[in-house]
Amino acid sequence: MSEEIDRYVSFKNIDCNARAQKMMDALQPLIEAAENPFWAYFQQKRAEFNAKGYDDLRVLHNYLPTLKELIEDEETLAQLEDLEYTCM
């Protein structure tokens with residue numbers, strides 16, 4: 001039986017890091033396609049943030065409005081919105 005998730009109690013029972021990694025994995029095809037210059041910028045900023053000790057959840061949060069605008073796949077967008085609601 002799964003435990004109840006309550007994001008208002010210190011994100012108890014929520015693996016936000018795993019969810020952020022799953023989101024980054026979902027974004028990888030968009031990044032690799034490089035059809036928009038944003039993706040190269042996003043990769044650069046992700047590397048800079050990670051080097052400073054920030055996790056991918058922070059990176060995703062910083063670019064949330066742009067990501068929502070650029071993601072066309074409904075499933076990936078729903079995954080991002082779920083991550084936003086659950087972990088940010």
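Structural data are supplied above this passage.
Below is a summary of the structure that appears in this document.

### Examining the side chain of R46
In step 1: Relative to the elements of secondary structure, R46 occurs in helix α2 (residues 37-51).
In step 2: Judged by its relative accessible area of 15%, R46 is buried.
In step 3: There is a polar contact of 2.7 Å between the side chain of R46 and the side chain of D56.
In step 4: Residues within four places of R46 in sequence aside, it is in contact with Q21, M24, D56 and V59.

### Considering the packing of helix α1 (residues 16-33) against α2
In step 1: With their axes 10 Å apart at the nearest point, α1 and α2 run at an angle of 140° to one another. Handedness of the crossing formed by α1 with α2: left-handed. Every residue of α2 that contacts α1 at Q21, M24, L27, L30 and I31 is listed here: W39, F42, Q43 and R46.
In step 2: Residues of the contact of α1 with α2, tallied by class, amount to 6 nonpolar, 2 polar and 1 charged.

The rules we used
- Residues numbered from 1 in each chain as written.
- Predicted model: local features only at pLDDT ≥ 70, side-chain atom pairs only at ≥ 80, totals over all residues.
- Heavy atoms only, no water.
- Helix = DSSP H or I, 4+ residues; strand = E, 2+ residues; numbered from the N terminus.
- Buried < 20%, exposed > 50% of the residue type's maximum accessible area, 1.4 Å probe, protein only.
- Polar contact = N/O pair within 3.5 Å; in protein donor to acceptor, adjacent residues only side chain to side chain.
- Contact = heavy atoms within 4.5 Å.
- Axes fitted to C-alpha atoms, helices over the stretch in contact; angles between N-to-C directions.
- Left-handed = near helix turned anticlockwise from the far one by under 90°.
- Nonpolar A, V, L, I, M, F, W, Y, C, P; charged D, E, K, R; others polar.

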